[in-house]
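# Coordinate inspection notes
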Amino acid sequence: MNKAVQLPYVGQGLRRREDFKLIAGKGRYVDDITSTGTLHMAVLRSPHAHAIIGRIDVSAAEASPGVAIVLTGADLSGKIGPIEPNWIMPGTKVPLRPVVAVDRVRFVGECVALVVADSLARAYDAVGLIEVEYDALPAIVREEDAVLDGAPQLHENVPNNIATVYKISGGDYGKAATEADQIIELRLENNRLIPTCMETRTVLAVPEADGTMTVYMPSQVPHMHRRWIAETVGMPEHRLRIVAPDIGGGFGAKMHLYPEELLCPYLARELGVPVKWWESRSESHQSTSHGRAHTEHLEIAIRNDGRILGLKVETLGNVGAYLSNMATGGPTANTVNYGTGTYRIENYEAVSRVVLTNTVPVDAYRGYGRPEGGYIAERAVDAVARRLGLDQVEVRRRNFIRKEDFPYRPYSSHAVMYDSGNYQGCMDKAMAAFAYDERITERDVLRKEGRLRGIGVAAYTHMCGMAPSRRLASIGFDRGGWESARVSIDSSGRATIFSGSMSQGHGHVTSLSQIAADILQMPIENIDVIQGDTRQVQAGHGTFNSRSMAVGGSSVHVSSARVVRKAKKIAAAMMEVDDADVAFTAGEFSVPGTDLQPISFAKVARMAYVGSALPAGMEPGLDETVFYDPTGMGSPSGVHMAYVEVDPETGIVEIIDYVAVDDVGTVINPLLASGQIHGGVVQGIAQALFEEVIYDSDSGQLLTGSLLDYAVPRAEHVPGIRSSFQSTPSPTNPIGVKGIGENGSIAAPPCMVHAVLDALSSFGILHLDMPMTPPRIWSAIRAARMGTAS
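Note that the structure is predicted; figures quoted are calculated from it, not measured. (Residues numbered from 1 in each chain as written. Predicted model: local features only at pLDDT ≥ 70, side-chain atom pairs only at ≥ 80, totals over all residues. Heavy atoms only, no water.)

Further remarks concern the overall build of the chain. Per the secondary structure count, the chain includes 20 helices and 26 strands. Along the first, second and third principal axes, the C-alpha set of the chain runs to 90 × 75 × 45 Å. Relative to its 790 residues, the chain shows a buried fraction of 62%. Of the roughly 28700 Å² that the chain leaves accessible, carbon and sulfur atoms contribute 50%. Here the chain contributes 73 positively and 90 negatively charged side chains, and the mean placements of these two sets differ by 3 Å. (Helix = DSSP H or I, 4+ residues; strand = E, 2+ residues; numbered from the N terminus. Buried < 20%, exposed > 50% of the residue type's maximum accessible area, 1.4 Å probe, protein only. Areas by Shrake-Rupley, 256 points an atom, 1.4 Å probe, with all protein chains shown as cover. Lys, Arg positive; Asp, Glu negative; His and termini not counted. Charge placed at Lys NZ, Arg CZ, Asp CG, Glu CD.)

As a further point, take the pattern of salt bridges. Under the criterion given, the structure shown has 44 salt bridges. In this structure, Arg226 engages Glu237 in a salt bridge whose closest nitrogen and oxygen atoms are separated by 3.5 Å. Residue Arg226 is located in helix 7 (residues 222-233), and its partner Glu237 is located in the loop between helix 7 and strand 11 (240-243); the two are separated by eleven residues in the primary sequence. (Salt bridge = Lys/Arg side-chain N within 4 Å of Asp/Glu carboxyl O.)

Further remarks concern unusual backbone geometry. Put simply, Gly81 and Pro82 share a cis peptide bond, and its omega is 0°. Along the chain, Pro82 turns up in the loop between helix 3 (73-76) and strand 4 (104-105). Residue Met770 is joined to Pro771 through a cis peptide bond whose omega torsion reads -5°. By the element assignment, Pro771 lies in the loop between helix 19 (743-759) and helix 20 (774-785).

Across the sheet, seven strands lie side by side as 3-5-1-12-9-10-11; this open sheet has mixed pairing. Of all strands in the sheet, those with a lone pairing partner are strand 3 (67-72) and strand 11, marking the two edges. Averaged over neighbouring strand pairs, the angle between their axes works out to 20° when direction is ignored. As paired strands, strand 3 and strand 5 (residues 111-117) are joined by five bridges and run antiparallel to one another. The partner of Val67 across the bridge, within strand 5, is Ala117. (Pairing = 2+ DSSP bridges. Axes fitted to C-alpha atoms, helices over the stretch in contact; angles between N-to-C directions.)

To continue, consider helix 13 (residues 436-448). With 13 residues, helix 13 ought to run about 18 Å at 1.5 Å a step, and its terminal C-alpha atoms sit 19 Å apart, in line with that. Restricting attention to buried positions, one finds in helix 13 the residues Tyr436, Arg439, Ile440, Arg443 and Leu446. Looking straight down helix 13, one finds its buried side chains confined to an arc of 135°; they lie on one side. For helix 13, the exposed residues set more than 90 degrees away from the buried face come down to Asp437, Glu438 and Lys448. Tucked into the core, helix 13 has its buried residues touching helix 11 (392-399), helix 12 (423-434), strand 16 (452-461), strand 24 (637-646), strand 25 (653-663) and helix 19. (Expected span 1.5 Å × (residues − 1). Arc of directions from axis to C-beta. Contact = heavy atoms within 4.5 Å.)

As summarised here, the arrangement of the four strands in space is 16-24-25-26, forming an open sheet in which the pairing is mixed. Among the strands making up the open sheet, the edge pair consists of strand 16 and strand 26 (721-726). Averaged over neighbouring strand pairs, the angle between their axes works out to 15° when direction is ignored. Pairing analysis gives ten bridges linking strand 16 to strand 24, with the strands arranged antiparallel. Note on strand 24: the bridge partner recorded for Ala459 is Val639. Sitting on the sheet, helix 18 (residues 670-689) touches strand 24, strand 25 and strand 26, and the angle it makes with strand 26 is about 125°.

Right, let's get into the layout of surface pockets. Within this model, the second largest pocket holds a volume of roughly 430 Å³. Taken together, 21 residues line the second largest pocket, and the ones lying closest to its centre are Arg142, Glu143, Glu189, Glu692 and Val693. Where the lining of the second largest pocket is concerned, the elements lending two or more residues are helix 5 (143-146), strand 8 (182-190) and strand 13 (294-302). Top contributing element to the lining of the second largest pocket by residue count: strand 8, with three residues. For the lining of the second largest pocket, the residue count by class is six nonpolar, seven polar and eight charged. (1 Å grid on protein atoms, 1.4 Å probe; cavity = no way out; pocket = protein on both sides within 12 Å on 5 of 7 lines; lining within 4 Å. Points joined across faces, edges and corners; volume = space filled by probe spheres on them. Nonpolar A, V, L, I, M, F, W, Y, C, P; charged D, E, K, R; others polar.)

Another aspect to go through is the nonpolar core. The biggest cluster of nonpolar side chains holds 162 residues, and the ones touching the most others in it are Met41 and Met641. Here this core gets nine residues from one element, more than from any other, and that element is helix 10 (residues 370-388). Filtering out sequence-adjacent residues up to four positions away, Met41 remains in contact with Leu114, Val115, Val116, Leu120, Ala123, Glu260, Leu263, Cys264, Leu267, Val275, Lys276 and Trp277. Within the second largest apolar cluster, 46 residues are counted, among which are Val556, Phe589, Ala605 and Ile735. (Core = buried A, V, L, I, M, F, W, Y, C linked by side-chain atoms within 4.5 Å.)

Quick look at the side chain of Thr342 now. Tracing the backbone shows Thr342 in the loop between strand 14 (308-318) and strand 15 (347-355). Of the residues examined, Thr342 reaches a relative accessible area of 1% and is grouped as buried.

We now examine a nonpolar patch on the surface. A grouping of Phe20, Leu22 and Ile23 is seen on the molecular surface, where their side chains present a nonpolar patch of about 340 Å² in accessible area. Along the chain, the position of Leu22 falls in helix 1 (residues 19-23). Residue classification places Leu22 among the partly exposed residues on the basis of a relative accessible area of 33%. (Patch = residues over 30% accessible without salt bridge, like charges linked within 9 Å, V, L, I, M, F, W, Y side chains within 5 Å.)

What follows deals with the pairing of strand 13. Counting buried residues in strand 13 gives seven out of nine residues, a clear majority hidden from the surface. For strand 8 and strand 13, the ladder comprises nine bridges, and the chain directions are antiparallel. Of the residues in strand 13, the one forming a bridge with Ile183 is Ala301. Summarising the sheet, strand 13 and strand 14 pair through nine bridges and their orientation is antiparallel. Paired with Ala301 across the strands is Gly310, a residue of strand 14.

Moving on: the packing of aromatic side chains. With the rule as written, the count across this model stands at twelve aromatic pairs. Look at Tyr343 and Phe400: their rings are 5.6 Å apart centre to centre, the planes differ by 5°, and that puts the pair in the stacked class. Placement of the pair is Tyr343 in the loop between strand 14 and strand 15 and Phe400 in the loop between helix 11 and helix 12, with a sequence separation of 57 residues. When sorted by exposure, Tyr343 lands in the same class as Phe400, which is buried. Residues Phe589 and Phe601 carry aromatic rings whose centres are separated by 6.3 Å and whose planes lie at 20° to one another, so their mutual orientation is stacked. Here Phe601 lies in helix 17 (residues 601-610) and Phe589 lies in strand 21 (residues 588-590), a separation of twelve residues in the sequence. Owing to a relative accessible area of 5%, Phe601 belongs among the buried residues under this scheme. Pairwise contacts between aromatic rings join Tyr343, Phe400, Phe406 and Tyr423 into one cluster. Over the ring of Phe544 we find Arg479; its NZ or CZ atom is 5.0 Å from the centre of that ring. (Phe/Tyr/Trp six-rings, centres within 6.5 Å; stacked < 30°, edge-to-face > 60°. Lys NZ or Arg CZ within 6 Å of the ring centre and 35° of its normal.)

For the pair helix 10 and helix 19, the least separation of the axes is 8 Å and the interaxial angle reads 25°. By the criterion of interaxial angle, the relationship of helix 10 to helix 19 is roughly parallel. The two elements helix 10 and helix 19 meet at a crossing, and its hand is right-handed. Every residue of helix 19 that contacts helix 10 at Arg370, Pro371, Tyr375, Glu378, Arg379, Asp382 and Arg386 is listed here: Ser745, Ile746, Pro749, Pro750, Val753, His754, Leu757 and Asp758. A breakdown of the residues in the contact of helix 10 with helix 19 according to their chemical character gives seven nonpolar, two polar and six charged. (Parallel < 35°, antiparallel > 145°, perpendicular 65-115°, else oblique. Left-handed = near helix turned anticlockwise from the far one by under 90°.)

Such coordinate-based values are descriptive only and should not be taken to indicate function.
Spelled out as structure tokens, the structure:
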């Protein structure tokens, strides 16, 4: 065996194998791909949030130089679409969404017409020549306003703008409220966000000479996009190929179905030439799905010793003008199911309403529903601590689910089961790393000097790695919960993994190789990974819901084990022994206790393809494909702590320290795992302190339509995040992993809010909504000083 191989690979913090080409400038993104004779599409978007479309005059655009075709919604009606969601909670009223608006627009940025020309510049020029007459209608942008009597109605088949109502309960909240010493009421806003990927969306559709179609797009779910595009455009699925090259960030936004992804292949088929569309940053703000956008009303029934007896939640989830792919699942099952968080709150009652408004559709964004659910639980517990004047750590400890309670069904839920965890252990480790007691002392000393220091604590858990398939079907999720992997060994003994998961910077090439290398006992350099090509990869559901390692990694594990099992039988035949006597260690097959010479994996692989010494009835080759469907979903958890200082004269927040302790089960690669936590925490900090989509409440105009108006954090705003792990392996998959990609974006928002509120506690400020921008904090301090704080 190669002396350079150091098993096990799992657990080693290897650098990402796929990074070398990227840092050398050799990455290949969709916009880097060219095809001879390509035409370019540009889209005319609605300037109105709500309006009737009158006359559309395209004559000047059609006469513009280089223009191949100009189309409106009326031209396309009945030929393409409509766009349909694929997570439809039972009882949902689904509004019709045309690919291009026909007679009415419902949000600023909706497609009204399109131009295809021989250059992007000429397409843009021609779009500017299209004249449209609109009859503006009243618009509604806030979810609380949309459900009021007399509010403008977006769709005739969705009365009161409520697409679905979801209710869950456990125990008896009414009894808990009666027995409580106090009831705390709290209203929360979970601010609307824009998934600001470094790479915006781009689509290139190329009709091939053999009559097939290749679509290049930055897809998180290539096989799903193939199905959706084929069904919506009207193409045989097997004649459509989706290729996802390198992707510059996805965060959930690149797993949905958008009009442009349908128009390009439709136009390429009709025109017989490649058609490309590139999304500008301003287009991205007004057409790519947004995230969050919730309002919650909480009632917390408590005892004076800090024990929470019950929790009641009412949620309004703003999903925009239409139901995007997963719109109905986020504010419902993904949010309120997890509203009790890491706590033993046995009496729980929740209702969630999915609300339509004249805004960009809202869908999955790093955590989708779980950050909102975690925010409910954490803000509730923090409110208890502040009301009673108790230490925020102690209140959490008194209410934590205990280690011996796992597997645990919160509020006796039929839908939620936390498989494993040790929340007290995470808290102990976080307190030690943070030096919690010392920081408390330091904070109090500095406060006497007029310095506003604050400490924030947040604990979280959730379920992720969406599965199993039967469970998902019961909640209207029109995709399976499995993931596929093919492990193919060539005649030299090297391996290629074909994975249905899809990386967008996650490091899949490295981490999947580590899993396979341990089982195949070969150098990681001898393993290649192929993703993102529906012609090469057998099938898959892609990457979302932190499922790549738990489901995709498990499928690689199982298929690799099957390869070894077959190889062991071949080795036994070569040595003329029973395969039960064969051991596989250090990359060689041997028979312990005998003088038989070991046989290398490479020699066995060669025999698999030569075929002359195979066991009777065995087919040649060494190639295994697995469709792995887990028995359940894993439950990552953790405790995060933040230390901040607020400048009372400006409202600026300085983050002094941030500690994250996360339990993600088996850690495949600590370096990549920490990177995932860092990225999620930064996006969570961004939500807490910086980012917010703002619409004009009267006109429905998007006021944060560019990065000049929408604030994303810069490097100077981000602290050194100190990440460590606790491991409680998940029993739901063979490698014991739990999801990791969304954990930071769940924990960081409440952690930061709690730190800032702690810093402001001397002013009697008990609550601020996100984002806690300097003007918002300064205004709250000013109001408190003037005695007008609410």
